[in-house]
Amino acid sequence: MGKTAFEKIWDAHRVSEIGDGTDLILIDRILLHERTGGVALKSLHASGRPVNDPAQVFATMDHIVDTLPGRSDNTLMPTGRDFILATREASKEAGISLFDLNDRRQGIVHVISPELGIILPGATLVCPDSHTCSQGALGGLAWGIGSSEAEHALATSTLRVNKPKTMRITIDGELAPGVTAKDLALYIVSEISSSGAVGHMIEYAGSAVTSLDVEARLTLCNMATELGAFSAFIAPDEKVFAYLKGRDYAPKGDDWTAALEQWKTIFTDADASFDKDVTLSGNDVPPMVSWGTSPQQSMPVTDDVPLYSEVSSRDSRDSYDRAIAYMDLEPGEPLRSFSIDAAFIGSCTNSRLSDLRRAADILIGQKVAPHVKAICVPGSTSVKALAEAEGLDKIFLDAGFEWRESGCSMCFFAGGESFGAEERVITSTNRNFESRQGPKTRSHLASPETVAMSAIMGHIADARMLAGKESR
Amino acid sequence: MKPLKIVRSLAVPLIVDNIDTDIIIPSREMKSVSKTGLSDGLFAGWRYTAVGSREINPDFVLNDAKYADAEILLAGDNMGCGSSREHAAWALAEYGFRVVIARSFNPIFRGNCIRNGILPVKLSPEPIAKAEGQITVNLEAMTITSEAGDGWNFELETEAREMLLEGLDPIDLTLKRAADIAAFREADRARRPWIYNLKAG
Ligand code: SF4
């Protein structure tokens, strides 16, 4: 019986079995950010334990740091400065690489890791952040951990991990024009629910997945945690190898040749089996927007806000009622009739160069509706520089978007800057929980194109209308 | 960490599905670079009348005086979903919870509980909520019993159980295998040199 790609990587990293399905797994790369990294490093230091291999550890400033132009160590979040200073000091003390403010390599942890060639096919990578699963898009095993686990990984270069079950999600067919990886991610969670992959390692497969470029794959894998998954993974292919070649920390010279040879063995054998196998058709996926307070509460942008009877197979009455009330929606009304207060393009889901380009294609020559506050936050300092080199910043600014420094920004509310209470925000991020983007804020998740189009229209809108593909 | 063998307490019935870690500890309450000082912010959005306020919401179950010393929390499905922040477990532990009983757990949250001395029990909490008075959780016997004599069995992985029973830290356990890890890494370095040929900076 053959092995899944996941099992191949897992077995190659198993130092020993601990029992009860738990293995001691070798960790190749550890990523930290200022929100929890400083805490983990300091706590480790206080317990008298050194970092086992500092060269394999990288830290960035993304979660708390401001994204306003001219930012400094001082933050809108009270006490944010303490996190920044603690992470800087602890990184230095531990001898790990830090991508600090003003470093060209700074950015959202899951954006910079692929960009710098830190995550590699077949490698294990952990980070104390639940969207670490994004990085599985490059064919590595990347998953989110807690702070104590981060300390464990730092101290021992291993983790004790309960081996997840395996799940293949095959997306056949192809995505229609104007439909993106983000729409696919929202579609999947609306189909299989936010607990549909609990305890499972997902392998995304099928023609609609392999035809995605690397950046779009990162978007797809990003939201695996919204399915409750352990993580997600896509078998690495030529697109990934071409993407990685020459990146800062990618293998060079003989190492590159040897790595490439090994990476080509990372695929699921034809006779391997999965604990769960789900097939969906990419042809069925429309542009999606979340209506509720869980990502599974997502719907086609052109539909009406669902009645309870339409979602009763997935939502309890309580959670439906609560979401409708919180989001201030009228069941049966078109989602597109709801006016928005703000539009946000950013986050580890959708803030890479290709995302900004597609949004800019919609914004060019247009103006954001006067009542809408619109913000674009490039995912990394490097994305920002590349975007500026091709003039995207001007398109965003001319349209009425703010153009920010890179970071997590208003993807989540850390106690500093946020959207206002009861404001309706269309957002390219990944979580729409209550108060995620600020106390009582109402978040609608969507693709960057949908966000851009909605910003122009002043209400939730279908970006395909620009191309005349869909009527209003 | 304090060893956990037998916990006897009232159980707080907060049987709601999908309690995410931001509900357990809102990010605005995570103000300091430390694992402590979080219990005050536990369930802040539900426990207090307004954001940033400390005025008690009398309708929230945790504010019921009879649960002031409760060490057991009952929850619904998908307990601890959302952000992987370990602060959720730290806040629960600091507040005084030693056992969380839920219909199901988010796996990251569940692991964080074990690492921080909280026993996660997967069980339907509804019958327990109906049990009058104190309940007893016995980790050695892996049983839960009510004063009325109802009983339930639960399961836990051997190592998690050992850690909780002895109050051990997993890093201690793993460092006992440091020589194995070093040998494994040496062999791996020969197989995959590119993983190791990194320079910090
Ligand atoms: S951008 Fe948002 S989801 Fe991504 S790491 Fe930052 S806070 Fe988390």
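Basis of the calculations
- Along each chain, numbering runs from 1 in the same order as the chain's sequence is written.
- Labels follow written order: the first chain is A, the first ligand is 1, and so on.
- Reporting of local features is limited, given that this is a predicted model, to residues whose pLDDT is at least 70; pairs of side-chain atoms are given and counted only at 80 or more, and all residues count toward the totals for whole chains, interfaces and linings.
- Side-chain metrics rest on all non-hydrogen atoms present in the structure, leaving aside hydrogens and water.
- By definition, residues are in contact when any of their heavy atoms lie within 4.5 Å.
- When two parts are put together, the accessible area they lose, computed with a 1.4 Å probe and summed over both, is reported as buried area.
- Salt bridges are counted wherever a side-chain nitrogen of Lys or Arg sits within 4 Å of a carboxyl oxygen of Asp or Glu.
- Throughout this description, a polar contact denotes any pair of N or O atoms lying within 3.5 Å of each other; where both atoms belong to protein, one of them has to be capable of donating a hydrogen while the other can accept it, and for residues adjacent in sequence the pair is counted only when both atoms sit in side chains.
- Strands are runs of DSSP state E lasting at least two residues, helices are runs of H or I lasting at least four, and both sets are numbered from the N terminus onward.
- Gly counts as polar in this scheme, as do all residues outside two lists: the nonpolar Ala, Val, Leu, Ile, Met, Phe, Trp, Tyr, Cys and Pro, and the charged Asp, Glu, Lys and Arg.
- Side-chain atoms within 4.5 Å link the members of a nonpolar core, which is a set of buried Ala, Val, Leu, Ile, Met, Phe, Trp, Tyr and Cys residues.
- Here the term buried applies to any residue with accessible area under 20% of the maximum for its type, exposed to any over 50%, and partly exposed to those in between, with areas from a 1.4 Å probe on protein chains only.
- Here the axes come from fitting lines to C-alpha atoms, over the contacting stretch only for helices, and the angles between their N-to-C directions go from 0 to 180 degrees.
- Orientation labels follow simple angle bins: below 35 degrees gives roughly parallel, above 145 gives roughly antiparallel, 65 to 115 gives roughly perpendicular, and whatever is left gives oblique.
- Crossings are classed by handedness, with left-handed meaning an anticlockwise turn of the near helix from the far one by less than a right angle and right-handed meaning a clockwise turn.
- One bridge is not enough; two strands pair if DSSP finds at least two bridges between them.
- We call a residue near a given molecule or strand whenever any one of its heavy atoms falls within 4 Å of it.
- The way it works is a 1 Å grid over only the protein atoms, where trapped points that fit a 1.4 Å probe form a cavity and open points with protein on both sides within 12 Å along at least five of seven lines form a pocket, and then any residue with an atom within 4 Å of a point lines it.
- Here the criterion for a molecule occupying a pocket or cavity is that more than half of its atoms lie within 2 Å of the pocket grid points.
- An automatic or database domain assignment supplies the start and end points of every domain.
- To estimate how far a helix should extend, the number of its residues minus one is multiplied by 1.5 Å.
- An arc is given here, and it is the one of the directions from the helix axis to the C-beta atoms.
- Grid points are joined across faces, edges and corners, and a volume is the space filled by probe spheres set on the points.

Asks: Would you mind going over the interface of chain A and chain B with me for this structure?
Replies: Quoted interface sizes are often the accessible area lost when the parts come together. Residue-level contacts link 70 residues of chain A with 51 residues of chain B. When chain A packs against chain B, close to 4,800 Å² is buried across both sides, 56% of that on carbon and sulfur atoms. Linking chain A with chain B are six salt bridges. Salt-bridge contacts for B:R185 lead to A:D53; the nearest nitrogen and oxygen are separated by 2.7 Å. Counting across the chain A and chain B interface gives 19 residue pairs in polar contact (both at pLDDT 80 or more). Put simply, the parts of the chain that give the side of chain A that touches chain B at least two residues each are α1 (5-13), β1 (14-19), β2 (22-26), α2 (37-46), α3 (80-94), α5 (147-156), β8 (158-162) and α10 (253-263) of chain A. Here the side of chain A that touches chain B gets seven residues from one element, more than from any other, and that element is α5(A). In terms of residue class, the side of chain A that touches chain B is built from 27 nonpolar, 25 polar and 18 charged.

Asks: In this structure, what is going on with the nonpolar core? I would like to understand it.
Replies: Nonpolar side chains tend toward joint burial in soluble globular proteins. Residue and element names in this part refer to chain A. Of all hydrophobic cores here, the largest spans 107 residues; its most connected members are W143, I188, I202, Y204 and W263. A per-element tally of this core places helix α6 (residues 181-192) first, with eight residues. Beyond its immediate stretch of four places on either side in the chain, Y204 contacts I169, I188, V209, L220, C221, L227, A232, F233 and I234. The next biggest cluster of nonpolar side chains, apart from the first, holds 57 residues, and it includes I108, L329, A387 and L392.

Asks: Could you clarify how one ought to interpret the packing of helix α3 (residues 87-95) of chain B against helix α4 (residues 107-115) of chain B in this entry?
Replies: Between two packed helices, both the angle of their axes relative to each other and the distance between the axes serve to describe the pair. All names here are of chain B. As a packed pair, α3 and α4 sit with axes 9 Å apart at the nearest point and diverge in direction by 45 degrees. As judged from the angle between their axes, α3 and α4 are oblique. Note that α3 runs across α4; the crossing there is right-handed. Across the interface between the two elements, A88, A89 and L92 of α3 pack against F109, N112 and C113 of α4.

Asks: What should I look at first to understand the sheet that holds strand β11 (residues 231-233) of chain A in this one?
Replies: Backbone hydrogen bonds hold the strands of a sheet together, and the pairing may be parallel or antiparallel. All names here are of chain A. If you walk across this open sheet you meet the four strands as β11-β10-β9-β12, and the pairing is parallel. Lying at the two open borders of the sheet, with one neighbouring strand each, are β11 and β12 (276-281). This sheet shows a mean twist of 20 degrees between the axes of neighbouring strands, independent of strand direction. As paired elements, strand β9 (residues 165-172) and strand β10 (residues 200-205) share six bridges and run parallel to each other. The residue bridging R168 from the neighbouring strand is E203, located in β10. Against the sheet, α6 contacts β9, β10 and β12, and its axis sits at roughly 120 degrees relative to β9.

Asks: What am I meant to see in the site of the ligand here?
Replies: Residue and element names in this part refer to chain A. Around the ligand sit H63, I108, H110, D129, H131, S347, C348, C408, C411, F412, N430 and R436, and that is every residue in its neighbourhood. The site holding the ligand turns out to be the largest cavity. Among the residues making up the shell around the ligand, the classes are represented as five nonpolar, five polar and two charged. Two domains share the shell around the ligand, each providing at least three of its residues, namely domain 1 (22-161 + 238-261) and domain 2 (311-465).

Asks: Whenever I open this one, the domain arrangement of chain A confuses me. Can you help?
Replies: Residues and elements named next belong to chain A. Under the domain assignment used here, chain A contains domain 1 (22-161 + 238-261) and domain 2 (311-465). The centre of domain 1, based on its C-alpha atoms, is set 27 Å off from the matching centre of domain 2. Taken together, the 21 residues of domain 1 in the interface contact 24 residues of domain 2. Carbon and sulfur atoms make up 57% of the area that domain 1 and domain 2 hide from each other, which totals about 1,900 Å². Broken down residue by residue, the surface that domain 1 buries against domain 2 is led by T67, I108 and H131, which jointly contribute 31%. Remark: the boundary between domain 1 and domain 2 carries zero salt bridges. Joining domain 1 to domain 2, the criterion identifies 12 residue pairs in polar contact (both at pLDDT 80 or more).

Asks: What's the story with helix α8 (residues 178-191) of chain B in this structure? I'm lost.
Replies: It helps to recall that an α-helix has 3.6 residues per turn; residues three or four apart then point in one direction. All names here are of chain B. Taking 1.5 Å as the rise per residue, α8 with 14 residues should run 20 Å; its terminal C-alpha atoms sit 20 Å apart, in good agreement. Listed in full, the buried residues belonging to α8 are I181, F184, R185 and D188. Looking straight down α8, one finds that the buried residues subtend no more than 100 degrees of arc, so they occupy a single side. In α8, those exposed residues whose orientation departs by more than 90 degrees from the buried face are A179 and A190.

Asks: Please clarify how empty space enclosed by the protein should be interpreted in this entry.
Replies: In total, this model carries four cavities of 30 Å³ or more according to the counting rule given. Volume-wise, the largest cavity comes out at about 300 Å³. Along the wall of the largest cavity there are 25 residues; nearest its centre are A:H63, A:D129, A:S130, A:R436 and B:S83. For the lining of the largest cavity, the class distribution of residues is seven nonpolar, 12 polar and six charged. Quantified by volume, the second largest cavity comes out at close to 130 Å³. Forming the walls of the second largest cavity are 14 residues, and the residues nearest its centre are A:I64, A:V65, A:D66, A:S409 and A:E417. Here the residues of the lining of the second largest cavity sort into eight nonpolar, four polar and two charged. Looking at which domains feed residues into the lining of the second largest cavity, each of domain 1 (22-161 + 238-261) and domain 2 (311-465) of chain A gives three or more.

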